[in-house]
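Chain and residue survey
Spelled out from the first residue to the last, the chains are:
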Amino acid sequence: YENKLFKVPFQNDDQRAQQALFVVLFHWGFHAWGCYILVALLLGFVAYRWDMPMTLRIAFYPLVGDVVHGLFGDFVDFISMACTTFGVCTSLGMGVDVILTGIRRLDCGAGAICNSSIPAGGDGSNESKNWKVGIICVITLIATCSVAIGLNKGLKTISQVTFGLGNTLLLLLLYLDNTWYLINVYVQSLGHYLQYIVAVAFQTDAFEQLSFEFQPGTGSNTWDQAGFKNGVWVNTVNHDVTEATGIPMADPAEYYGSHNSSWIDWWTIFYWAWWVAWAPFVGMFIAKISRGRTIRQVVVGGFLAPIIYSFFYLIILGALGIKMQRVTELGLNHAPIVMSGSVDCTEMGYDATTQVPSSKEAIALANIGFFSLACRHIDDRLFDVLSPYGDEMFMCLGILAVVSVTLYFITSSDSGSFVDDTLSAGGLVDGPIPQRIYWAITEGACACALMYSGGKNALTALQTVSIVSGLPLTIVICFMCTSLYRAAKYDLGEEDIIKSTRFITGIFDWTEGFRPNMPKMPSGVILPDGSTRLKSLCVSWIMPFFTLHDMNVKLFTSTKASVVTATIAALFVCWIGCMFGEISSVNASKVGWVMYTCMITSIMYVRIKAREAYNVYGFWFEDVFTCLVMWPFVCSQLSLQAKALNPIVGWDDDPNDSLYAHFKWSGKLSSVLGSAGTRNSNLDIQGAHLDNQGIPRGKLDFPVEPQHPMDPIQNLDPGMMVPVIHPIGSLMEDNYRHGFA
């Protein structure tokens, strides 16, 4: 048995044991629960404060508006239902092995050898499959009855019973064993987690995964570092070096002591994909039960409290497992290899195939409740930890564990069915009972199908399903951060978003056939129809520089507009040419991607300036992502905007022209600048103010905004337009007088 892993520094087995606990907390800590609380806060905020149906689509209403009520929203809800269903399936498939093993161990009783007619959970036999399917059916049946009864009478009651049983098991373990040791481990592990969470969160196993390039094979897991050599797809570096030297490359793991290059895929990515797959229904469930609470209360009760409690559970069980492993190592006089995290199970007296104790000493230790967990099957380890406290207590703890695990999965299936029902019913709090039953049965049937058809690879199949279903939702959750930020700003009435405008067309309007709800426009402004928009989009795919030029001429001088357009055109042509050039020239596509990056940067620059000129609220990072993946839609959007409206302020205009005009009209500017309307480049006009006669004293102070009824700015000619001077290109439309726009 070997589990080499280097995530935090360690020099002895004590520190390696602490690393083991840290990795568990890392996978079940802030990063995991953050998915849940983000969805919960956003759904609760928009649903309860803006009186909207609680479906995942409304999470994007602050970003894309009414588009969420169409095809775009349908897709988001579909992804949510798929992730919820497959997330529950993954949990049922993994949990059923533990339940079956627990039933078998209870049938055997405590001791080293288990002779039971009940099959082992992981043997892959047809009998084992039948047992698992039967357990899933029982869980599904109880969950179906619960979801049919309703949230308050069914799920709430089962959840309270489950929580009570789980706490009973936890407290029994705490008091049965070395209580002082367990509490010390908890305190120590919390500090260790807080110390290393940032460093490990950014750790991507970069050097470990670099080893993929150095290994022989038909392909590399590292993007774009493999290719065809003599008609065979191979790792480029390994092939070229081996061909040049005439000898195979050495094993990088042996030379550099790295842990397995795929470890982060097996554990971290899978765990967090699993959490993400559960995010829609757990987040929606937290939002459902949090009505009337503040954001702070939801964060404390739905984020911090679960983390602290679950950490206690995980650390207690983990600490007991570490203690048991050390007891067997010391009792059998077999020291582990610290750096590799390995033990020789054969020398410790365990059968490598059956994973049961075989030597006299190992059997004697197992009979008093101590097993070498590193040499045991993964499903047996929970019940091994419950063994050292006597036969009667083992039966008591075992029954508590089996019942608790079963009820936990019943509540998971129940809540998943509830959320699927809510989503498919368009946000109805109490959906039709037949529909609730349908979703509960569907989840159970899906888990049975994957479990039964997967054979020995059933768990791998379930893990793959979880990761695949979690990938699109990961992108969705990233945008939820921006959506929650915007929703909170709007609800607080912050001026920068309240007084901003929007583009007359949206990036996702195509999901509504280019006919979404459009903003009210001034009289005389004609919005583009569907055919015009489709034509503009098609042209933008082929010649983005052509449509983008419409906006360039509105933002910049004619010379600068021509330069920007020509630059984007040249980059676009070079990008396409280099991609085709890869056929005959090695690495031409890499040059092409450089051209593409420069082109996207140029389009992003134009869009940022357009937002400033039209006072469209947004953030530069949004422009980066939008231009990167949807540049034809961006070019079409900017073109149609330029054709329909003029900018509020041109990028090359002097935003102080109105004040210069006022001073020229009043005749008072000449006393300061020397002549009316003349701009003195040597005069610093930052921070001036006007006296009671409207004459500037010291430095001109911008922005100039009336703050008092007697402010001299109020004495200007009523026909004079005086804008509030904000950063260039961000004048608020409410500060224009007499319809200047």
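Along the chain, the regular secondary structure elements total 25 helices and four strands. Looking at the chain as a whole, 48% of its 741 residues are labelled buried. When contacts within the chain are restricted to residue pairs at least 6 apart in sequence, long-range pairs at least 24 apart make up 67% of them. Counting only carbon and sulfur atoms, one obtains 63% of the accessible surface of the chain, whose full area is about 36,200 Å².

What follows concerns empty space enclosed by the protein. For the structure on display, the rule yields three cavities of 30 Å³ or more. Roughly 90 Å³ of volume is contained in the largest cavity. If you trace the largest cavity, you find it lined by Thr505, Gly506, Ile507, Asp509, Trp510, Phe514, Arg533, Leu537, Phe633, Ser636, Gln637 and Leu640. Looking at the lining of the largest cavity, the elements that each hand over two or more residues are helix H19 (530-542) and helix H23 (620-644). When residues of the lining of the largest cavity are assigned to their parent elements, the largest contribution, four residues, is made by H23. Of the residues that constitute the lining of the largest cavity, the class distribution is six nonpolar, four polar and two charged.

Take Asp509: it is sitting in the loop between helix H18 (495-498) and H19. A relative accessible area of 3% means that Asp509 is categorised as buried. There is a polar contact of 3.0 Å between the side chain of Asp509 and the side chain of Arg533. Residue contacts for Asp509: discarding those within four places in its chain leaves Val67, Phe514, Arg515, Pro516 and Arg533.

This part covers the state of the cysteines. This model, assessed by the stated rule, comprises two disulfides. Linked covalently through their sulfurs, Cys108 and Cys114 form a disulfide whose S-S length is 1.6 Å. One quick way to see it: the torsion about the S-S bond of Cys108 and Cys114 is about 60 degrees, and its sign makes the bridge right-handed. Covalently, Cys345 is tied to Cys375 through a disulfide, its sulfur atoms 2.1 Å apart. Between Cys345 and Cys375, the S-S dihedral sits near -95 degrees, and the bridge is therefore left-handed. A residue pair is termed long-range when its members are at least 10 positions apart, and Cys345 in the loop between helix H12 (295-331) and helix H13 (360-367) and Cys375 in the loop between H13 and helix H14 (381-385) qualify at 30 residues. For the chain, the disulfide bridges join cysteines in the arrangement 1-2, 3-4, where the cysteines are counted in sequence order. Free cysteine: Cys635, not disulfide-bonded; nearest cysteine sulfur from Cys627 at 7.5 Å.

The next thing to look at is the packing of aromatic side chains. Inspection of every chain in the model, using the stated rule, returns 44 aromatic pairs. When the centroid spacing of 5.2 Å and the interplanar angle of 40 degrees are considered together, the rings of Tyr36 and Trp275 count as tilted. Of this pair, Tyr36 sits in helix H2 (residues 30-49) while Trp275 sits in helix H11 (residues 263-288), placing them 239 residues apart in sequence. When sorted by exposure, Tyr36 lands in the same class as Trp275, which is buried. Geometrically, the ring pair formed by Phe163 and Tyr309 is tilted, given 5.4 Å between the ring centres and 45 degrees between the ring planes. Highlighted residues: Phe163 in helix H6 (residues 151-176) and Tyr309 in helix H12, separated in sequence by 146 residues. The class of Phe163 is partly exposed, set by a relative accessible area of 43%. On the basis of relative accessibility, which here comes to 27%, the residue Tyr309 falls in the partly exposed class.

A word on the pattern of salt bridges. Inspection of every chain in the model, using the stated rule, returns 21 salt bridges. The partner of Arg57 in a salt bridge is Asp77, and the shortest N-O contact between them spans 2.8 Å. In this pair, Arg57 sits in the loop between H2 and helix H3 (61-64) while Asp77 sits in helix H4 (residues 71-108), placing the two residues 20 residues apart along the sequence. We classify Asp77 as buried; its relative accessible area is 4%. Measuring nitrogen to oxygen at the nearest pair gives 3.6 Å for the salt bridge that ties Glu495 to Lys499. Each of the salt bridges in this network shares a partner with another, and the network as a whole consists of Asp13, Asp14, Arg16 and Arg326.

Compared with an ideal rise of 1.5 Å per residue, which puts 26 residues at 38 Å, H11 spans 37 Å between its outermost C-alpha atoms and is within 8% of the ideal. Within H11, 19 of the 26 residues are buried, which leaves the element mostly enclosed by the surrounding structure.

Here we come to the pairing of strand E2 (residues 232-235). As paired strands, strand E1 (residues 226-229) and E2 are joined by four bridges and run antiparallel to one another. Residue pairing in the sheet places Lys229 in a bridge with Val232 of E2. Hairpin geometry of E1 and E2 is characterised by an intervening segment of two residues between the two adjacent antiparallel strands and by a positive phi of about 55 degrees at Asn230.

The next subject is the side chain of Ser589. Inspection of the secondary structure assignment puts Ser589 in helix H22 (residues 588-614). Given the relative accessible area of 10%, Ser589 is considered buried.

So, on to H19. With 13 residues, H19 should reach 18 Å at 1.5 Å per residue; the first-to-last C-alpha distance of 19 Å fits that figure. Within the span of H19, buried status applies to Arg533, Ser536, Leu537 and Ser540. Down the axis of H19, the buried set is contained in an arc of 100 degrees. They therefore lie on one face. In H19, those exposed residues whose orientation departs by more than 90 degrees from the buried face are Ser531, Lys535 and Ile542. Residues of H19 that are buried make contact with helix H20 (544-555) and H23.

All right, on to the nonpolar core then. Among the nonpolar cores identified, the biggest contains 122 residues, and Tyr36 and Met480 are the most heavily contacted of them. Looking at which element gives the most residues to this core, the answer is H11, with 14 residues. Residues Phe514, Phe556, Ala569 and Leu638 belong to the second largest nonpolar core, which totals 36 residues.

Here the focus is the packing of helix H1 (residues 13-27) against H12. Contact geometry of H1 with H12 gives a least axis separation of 10 Å together with a crossing angle of 150 degrees. Judged by the angle between their axes, H1 and H12 are roughly antiparallel. Here H1 and H12 pass one another in a crossing that is right-handed. On the side of H1, the interface is formed by Asp13, Asp14, Ala17, Leu21, Val24 and Leu25, while H12 contributes Phe311, Leu314, Ile315, Gly318, Ala319, Ile322 and Arg326.

This paragraph deals with the confidence of the model for the chain. With 83% of its residues at a pLDDT of 70 or more, the chain shows a mean pLDDT of 81. The weakest mean pLDDT in the chain belongs to strand E4 (residues 696-697) at 40; the strongest belongs to helix H7 (residues 179-201) at 95. Per-residue pLDDT stays below 50 along residues 662-741; that stretch engages in 125 contacts with residues further than four places along the chain or on separate chains.

A few words now on the environment of Ser372. Of note, Ser372 is situated in the loop between H13 and H14. For Ser372, a relative accessible area of 0% gives the class buried. In this structure, the C-alpha to C-alpha distance between Ser372 and Ile322, residues 50 residues apart in sequence, is 9.8 Å. Residues contacting Ser372, with those up to four places away along its chain left out, are Gln325, Thr328, Met348 and Tyr350. A polar contact of 3.4 Å, which involves the side chain of Ser372, links it to the side chain of Gln325.

Moving on, we get to a nonpolar patch on the surface. Residues Phe30, Leu194, Val300, Leu304 and Ile308 make up a contiguous nonpolar surface patch of about 430 Å² in total accessible area. With three residues, H12 is the largest single contributor of residues to the nonpolar patch. On the accessibility criterion, Val300 (44% relative accessible area) is partly exposed.

Conventions used here
Residues numbered from 1 in each chain as written. Predicted model: local features only at pLDDT ≥ 70, side-chain atom pairs only at ≥ 80, totals over all residues. Heavy atoms only, no water. Helix = DSSP H or I, 4+ residues; strand = E, 2+ residues; numbered from the N terminus. Buried < 20%, exposed > 50% of the residue type's maximum accessible area, 1.4 Å probe, protein only. Contact = heavy atoms within 4.5 Å. Areas by Shrake-Rupley, 256 points an atom, 1.4 Å probe, with all protein chains shown as cover. 1 Å grid on protein atoms, 1.4 Å probe; cavity = no way out; pocket = protein on both sides within 12 Å on 5 of 7 lines; lining within 4 Å. Points joined across faces, edges and corners; volume = space filled by probe spheres on them. Nonpolar A, V, L, I, M, F, W, Y, C, P; charged D, E, K, R; others polar. Polar contact = N/O pair within 3.5 Å; in protein donor to acceptor, adjacent residues only side chain to side chain. Disulfide = S-S within 2.5 Å. Phe/Tyr/Trp six-rings, centres within 6.5 Å; stacked < 30°, edge-to-face > 60°. Salt bridge = Lys/Arg side-chain N within 4 Å of Asp/Glu carboxyl O. Expected span 1.5 Å × (residues − 1). Pairing = 2+ DSSP bridges. Arc of directions from axis to C-beta. Core = buried A, V, L, I, M, F, W, Y, C linked by side-chain atoms within 4.5 Å. Axes fitted to C-alpha atoms, helices over the stretch in contact; angles between N-to-C directions. Parallel < 35°, antiparallel > 145°, perpendicular 65-115°, else oblique. Left-handed = near helix turned anticlockwise from the far one by under 90°. pLDDT = per-residue confidence, 0-100. Patch = residues over 30% accessible without salt bridge, like charges linked within 9 Å, V, L, I, M, F, W, Y side chains within 5 Å.

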